[in-house]
Structures are given as C-alpha cells and as structure tokens.
Amino acid sequence: MSILYDEGQQAIATESRRVLEARVSKDELLPLLEASGEYHTAFWETAKEQGWTALALPEAYGGLDLGLAELGLIAHQAGRTLSGAPFLTSSFGAAKAIERYGSDAQKTRWLPGLASGEIIGAVAFAEGANALPAAPKLTFTDDRIDGTATGVAGGLAADIAIVFANGPGMPVLAIAELAGVARTAIASFDNSRLFADLGFTGTPAEALVTGSAARDAALHILALQAVVTAHEQTGGAEALMEVARDYALTRRAFGQLIGGFQSVKHRIAELYGLVELARANCIHAAARAETPEFILAAAAARLSATEAYDTAARDCVQVHGGIGVTWEAGLHLHMRRARSLALEQGNSLFWEDILVDRLTGEAA
Amino acid sequence: MSDLDAYRSKAAAWLESVRPTFGKCARKGLSEADDLALGRRYQKAKFDAGYAGINWPTEYGGQGLTHLEKVTFEAEEMKHGFPNAYFGISLGMPVPILMQFGEDKDFVRERVLKALQGEEIWCQLFSEPAGGSDLAGLRTRAETDGNGWKLNGQKVWTSWAQYSDYGVIVARTDPNVPKHKGLTYFWVDMKAPGVTVRPIKLAGGDSHVNEVFFDDVKIGDDHRMSPVGGGFAVAMATLMIERYVATDSGGFGPHLDLFIDLAKATDFGGKPAIEDSRIRQQIARNYAMRSGLDAITARAMLMMQAGMTPGPEGSLNKLVSVRSRQKLSELAIDLQGSSGFAYDAHGFVKDNWTNSWINAPTGRIAGGADEMLLNTIAEKILGLPQDHRPDKGVPFNQIPA
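Keep in mind it's a predicted model, so treat the numbers as computed, not measured.

Before going further, it helps to spend a moment on the overall build of chain B. Assigned secondary structure in chain B consists of 13 helices and nine strands. Scaling as 2.2 N^0.38, a compact globule of 401 residues should have a C-alpha radius of gyration of about 21 Å, and chain B matches this with 22 Å. Considering only C-alpha atoms, chain B reaches an extent of 75 × 50 × 45 Å along its principal axes. The buried share among the 401 residues of chain B stands at 40%. Restricting the contact set of chain B to residue pairs at least 6 apart, pairs at least 24 apart contribute 70%.

Here it is in structure tokens:
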C-alpha cells in the first residue's frame with residue numbers, strides 16, 4: 001500500500017475536517033471535564049452518520065472495507081478538534097479482534113452493530129503499567145471472567161470488551177458482554193474518555209484465541225489501536241503547533257511580534273519537526289498494516305506521536321504565557337488529551353520495549 | 001519491479017563489483033595523495049560505467065536521467081566508503097552552475113567533461129570570516145580592472161580548495177548599495193597568480209577545508225556568471241541544487257544496527273548492555289526518529305516519481321539526523337567505558353563512533369547551521385517573521401562593523 005494519499009483519501013481528510021470543525025467546539029468540550037460519565041454526543045453522532053464507525057470494517061458485516069490509512073485520517077482530524085469520545089479507537093480495536101479471531105457467529109453477532117456504532121466496544125488489556133501483562137490477574141475459567149480490568153477507555157459506556165486473561169495454564173483473548181459488570185468511574189483529568197475499572201464476577205465470556213497465540217493476537221490489536229491513536233495524537237500536535245504559530249504572529253512584546261524572537265520561533269519550528277516525523281511514521285505504519293514489520297512500524301509511530309503531542313502541549317502553552325494556562329483558553333484540553341492518549345494503548349515505556357525487542361530479534 | 005528498483009539493483013551490483021578496488025578496505029592506510037589518486041580513478045570508473053552526471057544532459061557527458069536515479073545511486077553508493085568526497089562539492093554545485101550560467105559553451109563542455117571524469121576539481125568560494133550564515137555580508141572585493149576584474153579578499157571553509165583547479169566565487173562589486181545588491185558571481189582559476197590556499201586542520205585532525213586568499217587576482221569579464229550586482233540570485237540557485245541529494249537518516253554517521261551490535265557485545269554489570277533500559281530507550285527513540293525521516297524521504301521520492309513537488313518536510317533531514325547522530329555517538333563512546341578512548345583520525349565516520357562523534361559538529365554547521373535551518377523552517381514554512389535585521393536596506397559600507 002502506498003504512503004502517498006490518493007484523491008479518495010485526501011477527500012476523507014478534507015471532509016472530516018470540515019465536518020468536525022463545524023460541529024465540535026471548545027465551549028462544548030470544557031464542561032465535560034467537570035462531568036462524570038458524559039461524552040460529546042454530537043461527536044459520536046457525527047461519527048456514526050459519516051460512516052466513520054464502519055470505515056475499516058468488512059463490507060460483509062456492514063463496513064466500508066477501507067483500512068487503517070483512512071481511519072487514521074479521521075483520527076488525525078479528530079485529534080485536531082479534540083474528539084469528544086474514545087469510541088472511534090476502542091470500538092475499532094474490539095471489532096478488529098472479532099474480525100480477525102472470532103467465529104462467523106461472533107462476527108455476525110457483533111460486527112454489524114459495531115460498524116453502525118449502535119454497539120460500543122472497549123479493549124481492556126492493561127493492568128497498571130503493564131499494557132499487556134505477562135501474567136494477567138484477570139482469570140478465564142469455564143467461559144467466565146473474574147477480576148478487575150483497570151483504566152479502560154470508554155469503559156463507562158461500552159457494551160462489550162475484549163479482555164486478555166489468564167486461562168487454565170495459558171493466556172486467553174476473550175470477548176465479554178459488559179451488561180452485568182460493575183463499572184467504577186475514574187474521576188480523571190480527561191473525563192470524556194469515560195475511564196472505568198471493570199469488575200468482572202463470573203461474567204460470561206467467549207474465547208477468541210487461546211494459548212501462546214493469544215498474546216500475539218492481543219499485541220496486534222493493541223498495535224492497530226496504537227496506530228489510530230498515533231494519528232489522533234499527531235492531529236492534536238499539529239493543531240497546537242498552528243495555534244502557537246498563530247499566537248506568535250499576533251502577540252506583540254518589546255515592540256515586535258513575539259514570533260520574531262528566535263527563542264519562540266525555534267520552539268515552534270521544533271514542533272513542526274516533531275509533527276512531521278510523527279505524521280510520516282503514522283502514514284508508514286498504516287501502510288504496513290498486514291506486513292511482518294507492522295508492530296515495529298506501529299511502535300515507531302506511537303513513540304513519535306506521543307512525543308510530538310506532549311511536547312506540543314507543553315510548548316504551545318509556554319508560547320502563550322499567562323493566557324495559556326487559563327481555563328477559558330482551553331489549551332489544557334489538549335494538555336489533558338495528550339496525557340490520556342499517551343496512556344491509552346500502552347505508555348511509551350511499553351512501546352520502547354516492544355520496538356527494541358523486534359529490532360534486536362528478541363521477539364519472534 | 002519498478003524501473004527505479006531495477007536501476008537501484010543494477011547500480012548496487014556495479015558498486016559491489018568495484019568495492020574491492022575502491023571501497024573503504026582498499027583505502028585503508030593510504031596517504032591523502034594516494035587516496036585522491038584512487039578517487040580520481042573511481043570517478044573515471046563511474047563515468048565509464050554511466051554513473052557520473054546521472055541527471056545531467058547527455059551533451060555534457062551526463063546520462064540524461066532524473067534526480068530520482070541520481071539520489072537512488074547516491075543512497076547505494078554511500079554504504080561503501082568510496083573515495084568520492086573530493087568531488088562532492090565540485091560536481092554538486094559549481095559545475096552544475098557552470099553548465100547553467102556559463103556563456104562559452106565549448107569551454108563549459110570541456111570543463112564539465114574533465115570534472116565528471118575526476119581530472120579537474122572545482123570548489124565553491126562563498127563563506128568568509130565575516131560572512132558564513134550571513135552570506136551576503138561577504139567582503140571580498142571585485143573591482144574593475146581594464147576590461148576585466150581584480151579580486152582582493154579572503155574566503156574560508158572552502159572544501160577541497162587545495163586540490164581545486166577552478167572555483168566559483170561571489171564577490172562584492174558595489175559597496176554603496178544594500179548588501180544583497182552589490183554582489184557578482186564569477187569563476188576563477190585557482191592556479192592563477194595571487195591565489196593562496198592554506199588548509200585548516202579541523203578538530204578531527206583532517207584538513208579538507210581551507211582559507212583562500214586573493215591578492216590582486218586578475219580575471220577577465222568572461223569569467224562573470226551573473227549580471228553585475230546580480231550575484232546573490234546565482235548564489236541562491238547554487239544552494240537550491242542541494243535539494244536533490246541523497247539523505248541519510250543516520251546523519252551520515254553509523255547505522256543504528258551498529259549501535260545495537262555494540263550494545264549486544266558490551267558487558268555492563270555482568271549483562272549485555274542491550275538489556276539496560278537506558279540503552280534500549282535510546283535505541284527506540286533513535287529508531288522512531290530515523291524511521292520517520294526514512295518515511296519522509298520515501299514519500300518525497302514517490303512524489304517526484306509522480307511528477308509532484310515534495311513537501312517542505314524534507315528540510316528536516318539534516319537538522320534532525322545530524323544532531324541525533326552526535327548524541328548517539330557520545331553514548332556509543334560512553335558505553336565502551338575504559339575501552340572507549342581509542343581514536344584513529346582516519347577512521348570511517350559511517351562505522352566508527354569516535355570519528356562520527358568528533359566530526360559531527362562539522363555536520364551541524366556546514367551547509368546551514370541548526371539555527372539557520374530552524375529559522376528557515378520558521379520563516380519559509382510556518383510564515384513567522386524574520387529576526388530584527390539592523391542591516392536591512394542599509395548600504396553595505398554603512399553597516400556598523
């Protein structure tokens with residue numbers, strides 16, 4: 001697959017940008033920070049209406065049969081405007097797990113709803129610092145899940161979750177319905193992500209993959225999500241770089257535009273570099289989706305996108321001075337999002353290890 | 001296989017076939033004179049095999065192909081440590097500019113053919129003690145002298161001037177107008193009376209750059225390559241040719257694989273250093289950065305193949321890769337601890353971390369210092385304002401020294 005976007009892909013980028021800029025505003029996102037269990041419904045309605053939920057899923061199950069590159073473009077735009085809900089990524093990850101590893105019956109049961117957006121999915125692998133635990137505390141016994149999955153993005157709203165659990169002597173990748181699960185909302189710095197701890201107590205579940213292949217399968221799902229998230233992070237970083245640039249072209253001090261001071265302009269030029277490196281890695285990773293080097297490419301995209309967004313959040317606020325730290329200016333929306341996205345799908349420490357393992361031949 | 005892939009594999013096969021004769025093993029222990037002689041033979045071999053002047057017109061002895069083939073060849077070529085550095089500037093800028101702006105076509109053709117075959121070398125006389133990044137601040141004077149001109153002044157950082165037969169030079173012909181407007185572009189015979197070349201020994205111990213002094217050096221008006229006062233535009237055209245050169249996400253230093261090999265081989269506290277998280281983190285960070293640059297380059301190549309103009313992000317390559325190489329080279333030396341002191345001034349920067357480290361600052365300064373590259377990104381790409389420039393619009397001779 002080419003790393004040059006074709007006309008159709010470019011149209012997806014422009015159209016999604018137009019729609020999101022028209023429908024998402026800072027004023028609607030700010031109150032969500034102080035609410036619990038709420039997300040920006042207009043964003044999610046837009047995603048469903050525009051077919052973004054169906055984009056990268058198979059046509060046979062109501063999808064549009066496009067790929068990671070196209071979903072990445074939507075995620076990039078969602079990152080620019082700040083997506084109002086985590087489902088674009090979480091439902092995609094859940095759907096991909098079912099599509100890749102599920103039975104026909106499981107696909108028929110879940111994929112059409114995930115494609116239309118009527119069903120919301122989550123991926124619940126992480127246990128604290130371990131994005132993919134070596135020995136999960138979650139257990140899978142006789143088709144039932146017990147234990148707690150922590151910090152699940154979208155956990156407060158999801159209908160189903162893909163979990164990575166400890167089965168009888170072997171790991172299991174499984175799908176569980178969340179209807180009877182105890183959800184504990186996490187009061188977080190980015191509440192519209194709907195982070196929750198999910199308490200499973202004999203929750204019925206169906207295995208998707210068992211044995212050593214389960215871990216590889218889980219990592220693949222995580223990598224797919226990481227590439228989507230990396231696009232979103234790059235979009236956020238790009239928006240912040242532009243906001244910093246625009247401010248430096250407006251604000252005057254000591255008789256000149258602050259953008260004329262090298263300490264300011266170099267800071268913004270460095271952001272440009274980080275954004276372009278992240279973008280290039282994202283496009284590269286999306287184009288490698290079904291190749292042996294996908295995990296490596298995903299890790300590189302993830303690392304550079306996290307660095308770009310975190311740095312852009314820090315430096316954009318810094319360029320603004322005092323106004324940058326006000327609630328009203330809303331730059332903290334990006335600051336918060338940069339951090340929440342840095343944790344979702346595994347932190348940088350996790351992806352650094354994944355990357356080096358692949359590079360040095362320590363991972364098969 | 002695309003045509004370009006086919007070209008690449010054919011070039012790679014040819015380079016492999018001449019590696020025993022001209023590669024870094026063949027160069028080991030040679031004096032610089034012998035190495036230059038080997039380099040001239042290598043350049044002739046390239047010419048005979050059709051790999052010299054790849055994107056130059058056939059009427060000048062080139063191959064008439066595009067910069068895609070040129071960049072593809074260069075990317076393969078740089079893996080082997082061939083003695084081609086002597087011709088890098090010559091064929092990179094002055095000779096293409098001569099083809100573009102030289103008036104006497106027979107003379108131009110003769111020079112180009114000799115340069116392509118390694119018989120003659122050209123240098124580029126731009127930087128001066130008072131003007132490096134600020135090129136237009138240069139002070140070397142060209143004054144009318146009969147029907148021609150007389151050059152007086154000093155250039156500096158001139159690569160390979162000590163071996164050069166000719167050079168292109170920007171000189172000030174009118175100090176009474178603002179600095180960019182009083183410059184004129186010439187070519188000059190480096191063997192002419194009054195030209196003195198003095199090599200500068202650099203930090204790493206080698207001397208590829210020089211000071212060049214001009215004392216009443218007389219040149220005819222037929223040496224002039226720009227309108228009088230129009231030299232800055234030709235100088236900018238010279239620097240623009242640089243856009244289409246092979247990049248190296250390793251910053252022209254060692255490949256990351258060599259760092260991994262070193263980390264695997266190094267015992268640190270009873271374990272291979274590759275197991276140390278701090279080392280792993282640097283590997284991961286460098287890989288992510290390099291893969292991003294590689295993807296930018298790959299995309300630029302695809303765009304050129306499709307007849308499109310690559311995006312401005314290609315300008316990140318040198319900035320990002322060379323300073324990363326500098327830090328990674330420091331870490332590689334650190335990693336060796338008490339085994340890390342050894343140094344061979346003639347080591348190859350692409351496989352020796354110490355040579356890579358000691359020569360990295362040159363890379364961060366030559367051809368645009370980091371700070372200038374950041375200014376360019378900020379101003380040309382992002383539209384941020386120029387710094388305050390007190391010399392703007394002021395006649396050159398009224399700028400406070």
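Picking up where we left off.
Taken together, the contacts link 33 residues of chain A with 34 residues of chain B. For the side of chain A that touches chain B, the secondary structure elements donating two or more residues are helix 7 (212-248), strand 9 (256-257), helix 8 (262-287), helix 9 (294-320) and helix 11 (348-359) of chain A. Element by element, the count of residues in the side of chain A that touches chain B is highest for helix 8 of chain A, at 14 residues.

The subject of this paragraph is the pairing of strand 1 (residues 121-124) of chain A. Residue and element names in this part refer to chain A. The side-chain alternation of strand 1 yields two buried faces, one formed by Gly 121 and Val 123 and the other by Ala 122 and Ala 124. In this structure, strand 1 lies alongside strand 4 (residues 160-166), joined through four bridges in parallel fashion. For Val 123, the partnering residue across the bridge sits in strand 4 and is Ile 162.

Now for the domain arrangement of chain A. All names here are of chain A. Its domain assignment divides chain A into domain 1 (7-116), domain 2 (121-214) and domain 3 (216-359). Here domain 1 and domain 2 have C-alpha centroids that lie 21 Å from each other. Taken residue by residue, the interface counts 24 residues in domain 1 and 20 residues in domain 2. Where the side of domain 1 that touches domain 2 is concerned, the elements lending two or more residues are helix 5 (87-101) and helix 6 (104-116). For the side of domain 1 that touches domain 2, the element with the most residues is helix 5, which contributes nine residues. Each residue belonging to the side of domain 1 that touches domain 2 can be placed in one class, and the counts come to 14 nonpolar, nine polar and one charged.

The next point concerns unusual backbone geometry. Phi at Leu 194 of chain A is positive, roughly 55°, even though this residue is not glycine. Mapped onto the secondary structure, Leu 194 of chain A falls in the loop between strand 6 (182-185) and strand 7 (196-210). Backbone geometry places Phe 252 of chain B, a non-glycine residue, at a positive phi of 65°. Mapped onto the fold, Phe 252 of chain B is located in the loop between helix 8 (231-240) and helix 9 (256-265).

Attention now moves to the nonpolar core. Of all hydrophobic cores here, the largest spans 169 residues; its most connected members are Ala 161, Val 163, Leu 173, Ala 174, Val 227, Ile 268 and Leu 355 of chain A. Apart from the residues within four sequence positions on either side, Val 163 of chain A is in contact with Ala 124, Leu 138, Ile 145, Ala 149, Ala 174 and Ala 176 of chain A. Membership of the second largest hydrophobic core comes to 51 residues, among which are Met 93, Leu 125, Trp 160 and Phe 214 of chain B.

Scoring rules and cut-offs
Residues numbered from 1 in each chain as written. Chains lettered and ligands numbered in written order. Predicted model: local features only at pLDDT ≥ 70, side-chain atom pairs only at ≥ 80, totals over all residues. Helix = DSSP H or I, 4+ residues; strand = E, 2+ residues; numbered from the N terminus. Rg over C-alpha atoms; globule rule 2.2 N^0.38 Å. Buried ≥ 20, exposed ≤ 12 C-beta atoms within 10 Å, placed from the backbone. Contact = placed C-beta atoms within 7 Å. Pairing = 2+ DSSP bridges. Domains from an automatic or database assignment. Nonpolar A, V, L, I, M, F, W, Y, C, P; charged D, E, K, R; others polar. Core = buried A, V, L, I, M, F, W, Y, C linked by C-beta atoms within 7 Å.

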